[in-house]
Amino acid sequence: MKSSNILMLILLGFSSLSTAAQEATKIPVGISIAIKAGNAAELSKYMNSTVEVLLLDKEDFYKKNVAEAILKEFFTNYPAKDFIIRHEGAKNDAQYAIGNLKTEKGDFRVYFLLKKVEQNLLIHQIRIESENGK
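Residues numbered from 1 in each chain as written. Predicted model: local features only at pLDDT ≥ 70, side-chain atom pairs only at ≥ 80, totals over all residues. Heavy atoms only, no water.

Here's the deal with the overall build of the chain
1) Next: A count of helices and strands for the chain gives 4 helices and 6 strands.
2) Next: In the chain, the order of α-helices and β-strands from amino to carboxyl end is α-α-α-β-β-α-β-β-β-β.
3) Next: Put simply, the chain has 134 residues, and 32% of those count as buried.
4) Next: Across the chain, every contact between residues at least 6 apart in sequence was considered, and the portion connecting residues at least 24 apart equals 42%.
5) Next: For the chain, the exposed surface amounts to about 8,700 Å²; the carbon and sulfur share of it is 53%. (Helix = DSSP H or I, 4+ residues; strand = E, 2+ residues; numbered from the N terminus. Buried < 20%, exposed > 50% of the residue type's maximum accessible area, 1.4 Å probe, protein only. Contact = heavy atoms within 4.5 Å. Areas by Shrake-Rupley, 256 points an atom, 1.4 Å probe, with all protein chains shown as cover.)

As for the pattern of salt bridges
1) Next: The tally for this structure, following the rule as stated, stands at 6 salt bridges.
2) Next: Between Asp82 and Lys36 there is a salt bridge, with the nearest N and O atoms lying 3.5 Å from each other. With Asp82 in strand S3 (residues 80-91) and Lys36 in helix H2 (residues 29-37), this residue pair connects regions lying 46 residues apart in the sequence.
3) Next: For Asp82, a relative accessible area of 23% puts it in the partly exposed group.
4) Next: Given the relative accessible area of 43%, Lys36 is considered partly exposed.
5) Next: Glu131 serves as the salt-bridge partner of Arg109, at 3.5 Å between the closest nitrogen and oxygen. (Salt bridge = Lys/Arg side-chain N within 4 Å of Asp/Glu carboxyl O.)

Quick notes on the packing of aromatic side chains
Working definition: an aromatic ring pair is given by the centre-to-centre distance plus the angle between the planes.
1) Next: Scanning all chains against the criterion turns up 4 aromatic pairs.
2) Next: Aromatic pair Phe74 and Tyr78: ring centres 5.0 Å apart, planes at 25°, arrangement stacked.
3) Next: Here Tyr78 falls in the partly exposed class, since its relative accessible area comes to 22%.
4) Next: Ring pairing ties together the aromatic residues Phe74, Phe75, Tyr78 and Phe108, which thus form one cluster. (Phe/Tyr/Trp six-rings, centres within 6.5 Å; stacked < 30°, edge-to-face > 60°.)

Overview of the confidence of the model for the chain
1) Next: Confidence in the prediction of the chain, expressed as mean pLDDT, is 85, and 80% of residues score 70 or more.
2) Next: This stretch, residues 15-23, has a pLDDT under 50; its non-local contacts, to residues over four places away or in other chains, come to 0 contacts. (pLDDT = per-residue confidence, 0-100.)

Quick word on the pairing of S3
1) Next: When S3 meets strand S4 (residues 94-103), the two strands line up antiparallel, connected through 10 bridges. Bridge pairing in S4 places Ala90 opposite Gln95.
2) Next: Linking S3 to S4, which pair antiparallel, is a turn of 2 residues; within it Asn92 sits at a positive phi near 55°. (Pairing = 2+ DSSP bridges.)

See below:
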């Protein structure tokens, strides 16, 4: 009887660790909502003070407000229809996600890298590439 109680405690312990590991790799849902809506202002709330942006013909490190303006222009030219995260993960202190963005003018693959700053996960890099390689 005692060994079954110990086994249950061990299984509960592993279950808790598994749940904690899954929670650690969760990307803030507001990021997906902002991208899906094509809302650069809302997306900027999740950005670090400096962000590496790789987007069509732009590729550099930008201050948060400049990165927001670049993304706003992109969403104006390519109105968002849908966004789905296809993969997310974590390594060391970084978390990342890869998703598919459907716009009125074509489909894009979106990658973003987040790192913890104080207690917040913030975007340090965002890359938006055309699905058809153009």
